[in-house]
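# A closer look at the structure
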Amino acid sequence: MQTQGRNIVTLRSGVPLFEPRALAFVQTRGQVSSPERGLPEGHAVEWAARTLNVTTDQALSTWFFDGAGRVAPGSASSARHRLTHSPRAPPARRLPSRLPNDAGSNGGGAHMAELSSSNRTFVLAERPKGEPDANTLRLVAVDVPTPGKGQLLLRNRYLSLDPYMRGRMSAAPSYAPPVELGAVMVGGTVATVETSDVPGFSVGDWVVAFGGWQDYVLSDGKGLINLGPNPENPSWALGVLGMPGLTAWAGLTQIGRPQAGETLVVAGASGPVGATVGQIGKLLGCHVVGIAGGSKKCGHVVDTLGFDACIDYKADGFADALKAAVPSGIDIYFENVGGAVLDAVLPRLNTSARIPVCGLISQYNATSLPPGPDRLNLLMGMILRKRMTLRGFIVFDDFGHLYGEFSKKMTEWVKNGDIQYREEVISGLEQAPAAFIGLLRGEAFGKRVIALTP
Ligand SMILES: NC(=O)c1ccc[n+]([C@@H]2O[C@H](COP(=O)([O-])OP(=O)(O)OC[C@H]3O[C@@H](n4cnc5c(N)ncnc54)[C@H](OP(=O)(O)O)[C@@H]3O)[C@@H](O)[C@H]2O)c1
């Protein structure tokens, strides 16, 4: 192993390993958008500096280079290999070749043979101030956990990236406790059962779990949704058929209470929640106007999702364009973003308007309140005069009991083509931090998930 600059090339069995910070650096600048494109070979210090428009010193501080100042040949998929040594991660430990109960009730030996010897985990390293960055999460390789009696060993196959994760990184008061420093970052996953000592779960079943940013996790089966051995699109259970879909359907029907002919405005319209809200609104006979960032997303919202209109909130004249798109005012505003979008929506709200307050993504990285004047009393006055209903909700706390009804309805809508779904799958757990930072910046186009295995 040789070192140069402030970073270290970790070579083991000739495999070049890239520290996640390096990948994040490139990813967040959009220079390498998929692992398939691979990382460059050759004189990468100069390449990185030129391509990313940074100094060679900055490039050196974010990449691993070999002794000759080169990124060792390989693609980003190489980075999927186990992180065996880094200045921040403890050395990986080896598992015994057989787990103690790998011949348990359903634990097939053949399945166990495919187990990786280590469990890559992303732990919370720092609480971000403002936008999370490359230091927020740290990749650590640990042993694959050993299942005990009454437990399942799950292998995460897809990790959902969701805006709420920003809240979990923060110690500020919230509806859920923060992730502790050094603990594995939380997240919804779709996983396969590797060993089972829990009735109702067989080896090879796919399950929806809260498995976190890691390869393997133990479970006692509680709270899992069993998708069976051969689900058609397993990752969709993290999107339109799962939490975001339930959020959209329940928030709209229970709080928005749409009536045919009413005008529904949906913020974050191209994302998994907003896209689903608007399409359900259309199915229920509403006039639906989306709000999204950029002409590409807006084109998709109208042409593919079937909204009546979509307004680009980043374009000049946004407030006027919105006004023109809702000649009869707004009866329901599905709030996903807050900030400047909310400012433009408020004057257009009708008497008795309903506002499901689902999310405020524009504020998640904010470090202070927006500049004055304080408009809280104006808002309260408007709520009073127009007798509006604003109701916040947390999907599983408030509407978890409706999951069965939602699941049946949504499965049918998706099967019939009544609801369209756009998903963005990014390969490799090591891509997750950069992909998450990008999500908060509005770079996701559709539901963003990480595929952990090929
Ligand atoms: N209450 C609950 O239980 C619950 C459950 C799930 C989700 N949520 C919330 O619902 C919202 C949507 O969730 P999702 O999973 O569908 O997320 P998402 O749409 O994938 O979220 C990312 C999108 O938010 C938009 N965005 C980012 N920054 C923005 C800004 N400053 N101003 C306006 N828009 C911005 C971007 O779209 P553009 O490019 O169009 O800006 C981006 O693509 C989020 O606020 C989330 O926290 C709440």
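The structure this text deals with has already been given above.
First things first, this report covers the structure right here in the doc. Because the structure is predicted, anything quoted here is derived from the model rather than measured.

### Side note on the overall build of the chain
The helix and strand inventory of the chain stands at 14 helices and 19 strands. Counting only residues that meet the buried cut, the chain has 46% of its 454 residues in that class. Put simply, 68% of the contacts in the chain that link residues at least 6 apart link residues at least 24 apart.

### Looking at the site of the ligand
Near the ligand, the surroundings consist of 29 residues, among which Gly271, Val273, Gly293, Gly359 and Ser362 are the closest. If you list the elements that add at least two residues to the shell around the ligand, you get helix H6 (243-256), helix H7 (272-283) and helix H10 (339-345). Here the shell around the ligand gets three residues from one element, more than from any other, and that element is H7. Across the shell around the ligand, the residue classes tally to 16 nonpolar, eleven polar and two charged.

### Quick notes on unusual backbone geometry
Residue Pro373 is reached from Gly372 by a cis peptide bond, and omega for that bond is 5°. As for its placement among the helices and strands, Pro373 is situated in the loop between strand S16 (349-357) and helix H11 (376-385). The phi dihedral of Arg257 falls on the positive side, at around 40°, and the residue is not glycine. Counting through the fold element by element, Arg257 comes out in the loop between H6 and strand S12 (263-267). The residue Arg387 is not glycine, and still its phi comes out positive at about 50°. As for its position among the elements, Arg387 is in the loop between H11 and strand S17 (389-392).

### Things to note about the sheet that holds strand S15 (residues 330-334)
Ordered by their spatial adjacency, six strands build an open sheet running S14-S13-S12-S15-S16-S17, and the pairing between neighbours is parallel. For this open sheet the edge positions go to strand S14 (309-312) and S17, each flanked by a neighbour on one side alone. Direction aside, the axes of adjacent strands within the sheet are offset by 15° on average. Note: S12 against strand S13 (residues 287-292), five bridges, orientation parallel. Looking across to S13, one finds that Thr263 is bridged to His287. The sheet strands contacting H6 are S12, S15, S16 and S17, and the helix crosses S16 at an angle near 145°. Relative to the sheet, helix H9 (residues 318-325) contacts S13 and S14, its axis offset from that of S14 by approximately 165°.

### Some words on the pairing of strand S18 (residues 423-427)
Across five bridges, the pairing between S18 and strand S19 (residues 447-451) is parallel. Paired with Val425 across the bridge in S19 is Val449. Handedness of the crossover joining S18 and S19 through helix H14 (residues 432-440): right-handed.

### Concerning the nonpolar core
Core analysis: the biggest nonpolar cluster contains 102 residues, and Val207 and Ile450 have the highest contact counts within it. Summarising the domain contributions, this core has at least three residues from each of domain 2 (109-239 + 424-451) and domain 3 (243-399). In this view, Ile450 contacts Tyr158, Leu159, Leu161, Ile426, Leu429, Gln431, Ala432 and Ala435; residues no more than four positions away in its chain are not counted.

### Side note on the pairing of strand S5 (residues 118-124)
Most of S5 is tucked away, with seven of its seven residues classed as buried. By the alternation rule, side chains of S5 split into Ser118, Arg120, Phe122 and Leu124 and Asn119, Thr121 and Val123, which are all buried. Two strands pair when backbone bridges link them, and S5 and strand S6 (residues 137-143) are joined in this way by seven bridges, in the antiparallel orientation. Its bridge partner lying in S6, Arg120 is registered against Ala141.

Rules of the game
Residues numbered from 1 in each chain as written. Predicted model: local features only at pLDDT ≥ 70, side-chain atom pairs only at ≥ 80, totals over all residues. Helix = DSSP H or I, 4+ residues; strand = E, 2+ residues; numbered from the N terminus. Buried ≥ 20, exposed ≤ 12 C-beta atoms within 10 Å, placed from the backbone. Contact = placed C-beta atoms within 7 Å. Near = placed C-beta within 6 Å. Nonpolar A, V, L, I, M, F, W, Y, C, P; charged D, E, K, R; others polar. Pairing = 2+ DSSP bridges. Axes fitted to C-alpha atoms, helices over the stretch in contact; angles between N-to-C directions. Right-handed = clockwise from strand over helix to strand, strands pointing away. Core = buried A, V, L, I, M, F, W, Y, C linked by C-beta atoms within 7 Å. Domains from an automatic or database assignment.

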